[in-house]
Amino acid sequence: MLTYGCLSPMVELLMTGKRLSKYIVLVLYFFSTSLWMMESVALSDEKSCNAIRVNGTTDWYPVLMYTEETEVHHGIAIDIAREVFRRLDVAVVDEPALPWKRMLRQLDKGELDLLLGAYWTNERAQIYGYTEPLIKDEVAIFVRKGEEFPLNNLKDLVGLVGLRPMGGSYGENFDHYAKKYLDIRGVKEGGTLDLLLTGRANYAVLGRYDGIADLRETGNSNRIKDLPWPVASNNVHLMMSRASPCYYLLDDINKVIRDLHKEGFTKQLEARYLQVN
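Everything in this summary refers to the structure shown in the same document. (Residues numbered from 1 in each chain as written. Predicted model: local features only at pLDDT ≥ 70, side-chain atom pairs only at ≥ 80, totals over all residues. Heavy atoms only, no water.)

## Re the overall build of the chain
Right, so step 1: In terms of regular secondary structure, the chain is built from nine helices and 13 strands.
Right, so step 2: Taking all 277 residues of the chain together, the buried fraction comes to 42%.
Right, so step 3: Contacts spanning at least 24 positions in sequence make up 73% of the contacts within the chain whose residues lie at least 6 apart.
Right, so step 4: Surface summary for the chain: the accessible area is close to 16,200 Å², and the carbon and sulfur share equals 55%. (Helix = DSSP H or I, 4+ residues; strand = E, 2+ residues; numbered from the N terminus. Buried < 20%, exposed > 50% of the residue type's maximum accessible area, 1.4 Å probe, protein only. Contact = heavy atoms within 4.5 Å. Areas by Shrake-Rupley, 256 points an atom, 1.4 Å probe, with all protein chains shown as cover.)

See below:
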């Protein structure tokens, strides 16, 4: 007959196994719960966008301009951005003006969330996120009055010397053709038409409304004119950093932009800035 003393080691072993099983279950439970909480916090941080940092060029009428005294951008692009993010309950932080290439570097690193106004190019689309188009912008050739020439094709610019603002794009098609066939020199922002007046080039390439506004502002409308045929007609977008904590809002941003177009909000802005009906 087995005695209690003979059973006790077996009983203790079974009891110990049960206790270990309970401990293992508890450890696994707390471990899985901790992982879930950490993932939830990380997801919450990733999906958090209370404010969005924006910047852009300083002299692109009517898309975007900059007042140095107040350090504030104004124009169609930021007006649309402010309305979009007002509806999404996100504060807009207008950053101080910087050179174009520096803003792109900030966009690469996620130090800037949104660039206010850019043409679409395939190269940029591999790096950044684009919104729906805001407006369409015509690119024109400006010449000194009395030195006009027939312009019906980009081939008509071959053999002439041109000027354009440094660092920007006039759309993939024009940029590709210009790089391959045209002699166009880059000029620091704001000095393109002034340099054209010196006679160092035959023409300048600018957004049509931007160039016309510059001529009116400087009183040079009687010395320079735009040729009728547009060398490009490009959609203007907002361009977003893929490293931005607000990037997950891109679909919502696009929906609001489409709503603004349907409501006539964009047309009203164009009428106000361009003074057209």
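Read on for the rest.
## Observations concerning the sheet that holds strand β2 (residues 59–60)
Right, so step 1: Taking strand neighbours across the sheet as the criterion, the three strands line up as β2-β3-β4 in an open arrangement whose pairing is antiparallel. Lying at the two open borders of the sheet, with one neighbouring strand each, are β2 and β4 (72–74).
Right, so step 2: As defined by bridge partners, strand β3 (residues 64–67) adjoins β4 across three bridges and the pair is classed as antiparallel. When the sheet's bridge partners are listed, Met65 is paired in β4 with His74. (Pairing = 2+ DSSP bridges.)

## So, a positive patch on the surface
Right, so step 1: A cluster of basic residues, Lys101, Arg102, Arg105 and Lys109, forms a positive patch on the protein surface.
Right, so step 2: Within the secondary structure, Lys109 is located in helix α3 (residues 100–109).
Right, so step 3: When its relative accessible area of 59% is taken as the criterion, Lys109 is described as exposed. (Patch = residues over 30% accessible without salt bridge, like charges linked within 9 Å, V, L, I, M, F, W, Y side chains within 5 Å. Salt bridge = Lys/Arg side-chain N within 4 Å of Asp/Glu carboxyl O. Lys, Arg positive; Asp, Glu negative; His and termini not counted. Charge placed at Lys NZ, Arg CZ, Asp CG, Glu CD.)

## Quick notes on the state of the cysteines
Right, so step 1: With the rule as written, the count across this model stands at one disulfide.
Right, so step 2: Covalently, Cys49 is tied to Cys246 through a disulfide, its sulfur atoms 2.0 Å apart. Between Cys49 and Cys246, the S-S dihedral sits near 85°, and the bridge is therefore right-handed. Of this pair, Cys49 sits in the loop between α1 (4–46) and β1 (51–55) while Cys246 sits in the loop between β13 (232–241) and α8 (250–263), and the two are 197 residues apart along the sequence. Each member of the pair, Cys49 together with Cys246, is buried. (Disulfide = S-S within 2.5 Å.)

## Thoughts on the nonpolar core
Right, so step 1: Core analysis: the biggest nonpolar cluster contains 62 residues, and Leu116, Ile141, Leu157, Phe174, Tyr203, Val205 and Val231 have the highest contact counts within it.
Right, so step 2: No other element matches the seven residues that helix α2 (residues 76–87) contributes to this core.
Right, so step 3: By size, the runner-up hydrophobic cluster in this structure holds eleven residues, among which are Trp100, Met103, Leu104 and Ala118. (Core = buried A, V, L, I, M, F, W, Y, C linked by side-chain atoms within 4.5 Å.)

## Brief notes about the environment of Asp210
Right, so step 1: Its location among the elements puts Asp210 in helix α7 (residues 208–218).
Right, so step 2: Considering only alpha carbons, one finds Asp210 and Val139, 71 residues apart in sequence, at a separation of 9.2 Å.
Right, so step 3: Those residues in contact with Asp210 that lie beyond four places of it in its chain are Asp59, Trp60 and Tyr61.

## Examining the packing of α2 against helix α9 (residues 265–274)
Right, so step 1: At their nearest, the axes of α2 and α9 sit 10 Å apart, and the two run at 150° to each other. Considering how the two elements wind past one another, α2 and α9 form a crossing that is right-handed. For the pair α2 and α9, the contacting residues are Ile76, Asp79, Ile80 and Glu83 in the first and Phe265, Thr266, Leu269, Glu270, Arg272 and Tyr273 in the second.
Right, so step 2: Considering only residue class, the contact of α2 with α9 consists of five nonpolar, one polar and four charged. (Axes fitted to C-alpha atoms, helices over the stretch in contact; angles between N-to-C directions. Left-handed = near helix turned anticlockwise from the far one by under 90°. Nonpolar A, V, L, I, M, F, W, Y, C, P; charged D, E, K, R; others polar.)

## What about the pairing of strand β10 (residues 183–187)?
Right, so step 1: Where strand β9 (residues 161–165) lies against β10, five bridges are found, and the strand directions are parallel. Bridge pairing in β10 links Arg164 to Gly186.
Right, so step 2: Of the crossover connections in this fold, the one passing from β9 over helix α5 (residues 172–181) to the parallel β10 is right-handed. (Right-handed = clockwise from strand over helix to strand, strands pointing away.)

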